[in-house]
Amino acid sequence: MKKAKYVFVTGGVTSSLGKGIIAASLAKLLQSRGYSTTIQKFDPYINVDPGTMNPYEHGECYVTNDGAETDLDLGHYERFLNIPTSQANNVTTGRIYQTVIDNERDGKYLGKTVQVIPHITDEIKRRMLLLGESGDYDVVITELGGTVGDIESLPYVEAVRQLRWELGTDDSCVIHLTLIPYLSAAGELKTKPTQHSVKGLQELGVQPDILVCRTEHKLTSDIRKKIALFCNVNQNAVIESIDVDSIYEVPLVMLKEKLDKVTLAKLRLSAKNEPELDKWKDFLFKLDHPKTEVNIGLVGKYVELQDAYKSINEAFNHAGAMNECKVNVRSIQSESLSKDNIKEKLAGLDGVLVAPGFGDRGIEGKIDAIRYLRENNIPFFGICLGMQCAVVEYGRNVLGLKDAHSVEMNDGTKHPVIDIMESQKKLTKMGGTMRLGAYDCEVKKSTLAHKIYGKVNIKERHRHRYEFNNSYMDQYIQGGMNMSGINPETGLVEIVELPDHPFFIGVQFHPELKSTVANPHPLFVKFVKAAMEVQV
Ligand code: GLN
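Residues numbered from 1 in each chain as written. Predicted model: local features only at pLDDT ≥ 70, side-chain atom pairs only at ≥ 80, totals over all residues. Heavy atoms only, no water.

(A) Summary view of the side chain of Asp350. Topologically, Asp350 is positioned in the loop between helix H13 (342-345) and strand S14 (351-354). Lacking a salt bridge, the buried Asp350 has Arg330 as its closest oppositely charged neighbour, with an N-O distance of 8.4 Å. What Asp350 contacts, discounting residues up to four positions off in sequence, is Val294, Asn295, Ile378, Pro379, Ala531, Val534 and Gln535. (Helix = DSSP H or I, 4+ residues; strand = E, 2+ residues; numbered from the N terminus. Buried < 20%, exposed > 50% of the residue type's maximum accessible area, 1.4 Å probe, protein only. Lys, Arg positive; Asp, Glu negative; His and termini not counted. Salt bridge = Lys/Arg side-chain N within 4 Å of Asp/Glu carboxyl O. Contact = heavy atoms within 4.5 Å.)

(B) Region of interest: helix H10 (residues 259-266). With 6 of 8 residues buried, H10 is to be regarded as a mostly interior element. Of all the positions in H10, only Leu259, Asp260, Val262, Thr263, Leu264 and Lys266 are classed as buried. Against strand S1 (5-11), helix H1 (19-32), strand S7 (172-180), strand S10 (210-215), strand S11 (238-242) and helix H9 (250-256) lie the buried residues of H10.

(C) The arrangement of unusual backbone geometry in detail. For the bond running from Ile117 to Pro118, omega is 15°, close enough to zero to count as cis. In this fold, Pro118 is placed in helix H5 (residues 116-130). Residue Leu110 is not a glycine yet carries a positive backbone phi of 50°. The residue Leu110 is located in the loop between helix H4 (93-105) and H5 in this model. In this model, Cys384 sits at a positive phi of 55°, which is unusual for a non-glycine residue. Judged by relative accessible area, which is 5%, Cys384 ranks as buried.

(D) Up close: the pairing of strand S19 (residues 457-464). With 6 of its 8 residues buried, S19 lies for the most part within the structure. Direction of pairing for strand S18 (residues 435-443) relative to S19: antiparallel, over a ladder of 8 bridges. By the bridge assignment for S19, Gly437 is matched with His462. (Pairing = 2+ DSSP bridges.)

(E) Quick look at the sheet that holds strand S6 (residues 139-144). Pairing is parallel in the open sheet, where 7 strands are placed in the order S5-S2-S6-S1-S7-S10-S11. Strand pairing shows two members of the sheet lacking a second neighbour, strand S5 (90-92) and S11, which therefore form its edges. When strand polarity is set aside, the average angle formed by the axes of neighbouring strands in this sheet is 20°. Sheet topology note: the S7/S10 ladder contains 6 bridges and is parallel. Paired with His176 across the bridge in S10 is Leu211. Lying over the sheet, helix H3 (residues 73-81) contacts strand S2 (37-43), S5 and S6, oriented at roughly 170° with respect to S2. Packing against the sheet, helix H8 (residues 221-231) makes contact with S7, S10 and S11, and its axis sits at approximately 130° to S11. (Axes fitted to C-alpha atoms, helices over the stretch in contact; angles between N-to-C directions.)

(F) Structural view of the environment of Lys256. Mapping Lys256 onto the fold places it in helix H9. As a C-alpha pair, Lys256 and Ile239 span 17 residues in sequence and 9.6 Å in three-dimensional space.

(G) Representation of the sheet that holds strand S16 (residues 405-406) in the model. If you walk across this open sheet you meet the 3 strands as S16-S17-S20, and the pairing is mixed. Strands at the two margins of the open sheet, each flanked by one partner only, are S16 and strand S20 (466-468). Where strand S17 (residues 416-420) lies against S20, 3 bridges are found, and the strand directions are antiparallel. Directly across from Ile420, in S20, lies its bridge partner Tyr466. This element, helix H15 (residues 385-397), spans S16, S17 and S20 of the sheet and lies at about 150° to S17.

(H) Spatial organisation of the pattern of salt bridges. Summed over the entire model, instances satisfying the criterion amount to 39 salt bridges. The salt bridge involving Asp209 is made with Arg164; its shortest N-O contact spans 3.0 Å. With Asp209 in the loop between helix H7 (192-203) and S10 and Arg164 in helix H6 (residues 154-167), this pair connects stretches of sequence that are 45 residues apart. Residue class for Asp209 comes out buried when judged on its relative accessible area of 15%. Judged by relative accessible area, which is 11%, Arg164 ranks as buried.

Below you can see the structure in the form of structure tokens.
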């Protein structure tokens, strides 16, 4: 039974400084020094989870094994640490309030007026301590979403203030991430925004122990001294976080800056041995020294926003390194595709991934693209909606099922080859009601899927309401499409593939969510490999 120590990570000056990556990098370093570490994220918005937000609002929605729809930073945590997260790792203001309001309705506050302080802050604190109380972790890192100074962050900062007092300074520490902007006209790095941001925290009763300073230029020792003096931290606790090419370099940059050692010292923990990062370095080396490259198309409707397909892009990085191959991902807006321009739009691609998604915008473009890939023997990989589009395409163009469609797009279609799942029919609420999380899948032997996974029993994560309509199963199999992965309890089709094609596979689940640096996902690894082979 371990007694956890707590690290709180706050952010100042501006959003998008990469708090999630800093938290994940610190966790990686502590983990590789032999401390069992987890990370949780508290988000100050009122949605109970990000599942109801569209990707333009929030980027990708990351799904955990236990079916929680969470912030995409949890994806970084898993990719870095190679251990699964769960619902407990992501809490929002909406979830906090929901619990407090439910408690109030249950009469649990015994006639008291229910208020932000103490009831909301108590619920925040309870959840901040939850993972640590499991006895599984030496260190729990808590990332606070938002920026210090935001109205909505106040209860979280207050909860941190109280917890620091309750836990004591030996068992907790606060890392504040800030920006040191460079004014090119003056040719200088400026520390004032950092000073103001720290002052904002101090006014709320929280003194940060460590400052991680995001910067485009190196911090001189004078600047470090100045920041330390005016922000009331030790000089060795001013950590430079310089821009790097890949997020995977950040742990090594933080190691050089001793973020892990300084944090351990604050927590009164010994540094133990030097971190064991050989595999990580090997991955980085391969990422930086590819022997070849491939061009992969990513057809989706949220392509303008980088974060919308975060896990897919990262899975390509992992798979690329594994194959010692640089994967150039070219985003293609599915709405821009039509029968007339497919050839030109997909020219030069060695493989195409058709992305997950919802609703019918851009759907015909995806279907047209799949037809082209199928007919021209170009590797195709469809994920969730991408797999469903492959089924529709095959129905329409090979099996002669005129107007075959998914009922999500056309509920009056004569051939509903993708249908709503029975369990979804009576639902009225949208939040958290999809088929979510990890489910078993049985892979048929002598199929491409089996060759890829090398085993029969797999478990993958899901997020969908529609499924392959099994009343069309015989027709599809006779017509040449293989249903190579099936959920053993429900019979739901999880994988489809075409045997007479170099690489044509669609999966109902989201393999990208399980790809990590230590364990690149085999579907991505083999897809990239297929693209490399087609090229030759
Ligand atoms: N919209 C489809 C469904 O709900 C696919 C979902 C997805 O791609 N994640 O089944």
